[in-house]
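# Analysis of the macromolecular model
This is what each chain is made of:
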Amino acid sequence: SGTVSLRQFYWRRTLRIFPAFYAFWFLLMAVVVFRDGGRPDAHSWSAFFYVSNYYSALNDHPVNGLSHTWSLGVEEQFFLLWPAVFLLCRGNLRLMTHVLVAVIGCVVIHRSVLTLVFGVDQSYIYSAFETRVDQLMVGCLVAVLLKRRALEWFWTRVCVHPVAPLVTVALVVASMRIAPLLGGHFRETVGYTIQGILYGVLLIQMVVLSSTPAWS
């Protein structure tokens, strides 16, 4: 319709996530209570309210049936903030580009300071919203750049040959393998952002090359 409805947006988000997640949560809690004789703990309730990413960040990322919900926390916190930014900037996509680049840059600096200056544990860097939101912002940035038809020369070059996605995947793997060689700080400083950018490029390559025999 050419308009933006926050109400409809959040209603669709609710229908997409809440029914499946809360069905899973209540089923898991039933197992905990009736089979194991336990009760919902702090981690369970943090997952219920979509803040388990910070519970994991502050508690060494416990491994249990709710461990994966940290990413849902990051996602839902992102969707509380991004729509407002989008509404403010949607009339000026150049400004939105600058805002996204600035946020991504600030997250990299913040994450690097936490890691290199304060020695913050990698569990916090891995799970906290403000240390991982740059990857989601990269996705937004890719969408805005495509909408603006910016960097067309770059998109043309990275999508010109069916072998190109293999190069991108190789770079993703290399970024994971190189981390231990750099003392373990590569991932927690710039690695997450670099991987986010590579995944953004890979997504566009898959769309553009989907009509080729190799990727159809």
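With that settled, the discussion passes to the pattern of salt bridges. Counting across every chain of the model gives 6 salt bridges. Salt-bridge contacts for Arg-111 lead to Asp-134; the nearest nitrogen and oxygen are separated by 3.0 Å. One end of the pair, Arg-111, is in helix α5 (residues 93-116); the other, Asp-134, is in helix α7 (residues 129-148), with 23 residues separating them in the sequence. Asp-134 matches Arg-111 in its accessibility class, with the two residues each being buried.

Here we take up helix α9 (residues 164-181). Residue pairs spaced three or four apart in an α-helix point in one direction, given the helix's 3.6 residues per turn. Look at α9: 26 Å from first C-alpha to last across 18 residues, which is about the 26 Å you get at 1.5 Å a residue. All buried positions along α9 are accounted for by Ala-164, Pro-165, Thr-168, Val-172, Ser-175 and Ala-179.

The next subject is the packing of α5 against helix α10 (residues 185-208). One can describe the packing of α5 onto α10 by two numbers: an axis separation of 9 Å at closest approach and a directional angle of 175 degrees. When the axes of α5 and α10 are compared, the pair comes out roughly antiparallel. Counted together, Ile-104, Val-108, Arg-111, Ser-112, Thr-115 and Leu-116 of α5 and His-185, Glu-188, Thr-189, Val-190, Tyr-192 and Thr-193 of α10 form the full contact between these two elements. Residue composition of the contact of α5 with α10, grouped by class: 5 nonpolar, 5 polar and 2 charged.

Here the focus is the layout of surface pockets. As a volume, the largest pocket reaches approximately 410 Å³. Val-4, Phe-9, Trp-82, Phe-86 and Arg-90 are the residues nearest the centre of the largest pocket, which is lined by 18 residues in total. At the level of elements, α1 (6-35), α4 (69-89), α5 and α7 are the ones that each hand at least two residues to the lining of the largest pocket. Top contributing element to the lining of the largest pocket by residue count: α4, with 5 residues. The residue inventory of the lining of the largest pocket, partitioned by class, reads 13 nonpolar, 2 polar and 3 charged. Within this model, the second largest pocket holds a volume of roughly 350 Å³. Contributing to the lining of the second largest pocket are 13 residues, with Trp-70, Ser-71, Arg-132, Gln-135 and Leu-136 lying nearest its centre. Residue assignment for the lining of the second largest pocket shows that the elements contributing at least two residues are α4, α7 and α10. In terms of residues, the lining of the second largest pocket owes the most to one element, α10, which gives 5 residues.

With phi around 60 degrees, Asp-60 is a residue other than glycine that occupies positive phi space. Overall, the relative accessible area of 57% leaves Asp-60 in the exposed class. In the Ramachandran plot, Leu-151 falls in the positive-phi region, its phi being about 55 degrees despite a non-glycine side chain. With respect to the helices and strands, the residue Leu-151 is situated in the loop between α7 and α8 (152-158).

Glancing now at the confidence of the model for the protein chain. Note that predicted coordinates carrying low pLDDT should not be read in detail. Per-chain confidence: the protein chain averages 95 in pLDDT, with 99% of residues scoring 70 or above. Taken element by element, the protein chain is modelled with least confidence in α9, mean pLDDT 91, and with most confidence in helix α2 (residues 42-48), mean pLDDT 98.

On to the packing of α4 against α7, then. The contact between α4 and α7 brings their axes to 10 Å, and the two run at 65 degrees. For the pair α4 and α7, the sense of crossing is right-handed. Every residue of α7 that contacts α4 at Trp-70, Val-74, Gln-77, Phe-78, Leu-81 and Trp-82 is listed here: Phe-129, Arg-132, Val-133, Leu-136, Met-137 and Cys-140. By residue class, the composition of the contact of α4 with α7 is 10 nonpolar, 1 polar and 1 charged.

It is worth spelling out α1 at this point. Taking 1.5 Å per residue, 30 residues should reach 44 Å; α1 reaches 42 Å between its end C-alpha atoms and fits that length. The sharpest bend along α1 reaches about 30 degrees and sits at Phe-18, with the proline Pro-19 one to four residues further on. Among all positions in α1, only Arg-13, Ile-17, Phe-21, Tyr-22, Trp-25 and Met-29 are buried. Contact partners of the buried residues in α1: α2 and α4. Downstream of α1 by a residue or two, Gly-37 has a phi angle that is positive, lying close to 70 degrees.

Each value, and the rule that gives it
Residues numbered from 1 in each chain as written. Predicted model: local features only at pLDDT ≥ 70, side-chain atom pairs only at ≥ 80, totals over all residues. Heavy atoms only, no water. Salt bridge = Lys/Arg side-chain N within 4 Å of Asp/Glu carboxyl O. Helix = DSSP H or I, 4+ residues; strand = E, 2+ residues; numbered from the N terminus. Buried < 20%, exposed > 50% of the residue type's maximum accessible area, 1.4 Å probe, protein only. Expected span 1.5 Å × (residues − 1). Axes fitted to C-alpha atoms, helices over the stretch in contact; angles between N-to-C directions. Parallel < 35°, antiparallel > 145°, perpendicular 65-115°, else oblique. Contact = heavy atoms within 4.5 Å. Nonpolar A, V, L, I, M, F, W, Y, C, P; charged D, E, K, R; others polar. 1 Å grid on protein atoms, 1.4 Å probe; cavity = no way out; pocket = protein on both sides within 12 Å on 5 of 7 lines; lining within 4 Å. Points joined across faces, edges and corners; volume = space filled by probe spheres on them. pLDDT = per-residue confidence, 0-100. Left-handed = near helix turned anticlockwise from the far one by under 90°. Bend = angle between axes of the 7 residues up to and from the residue.

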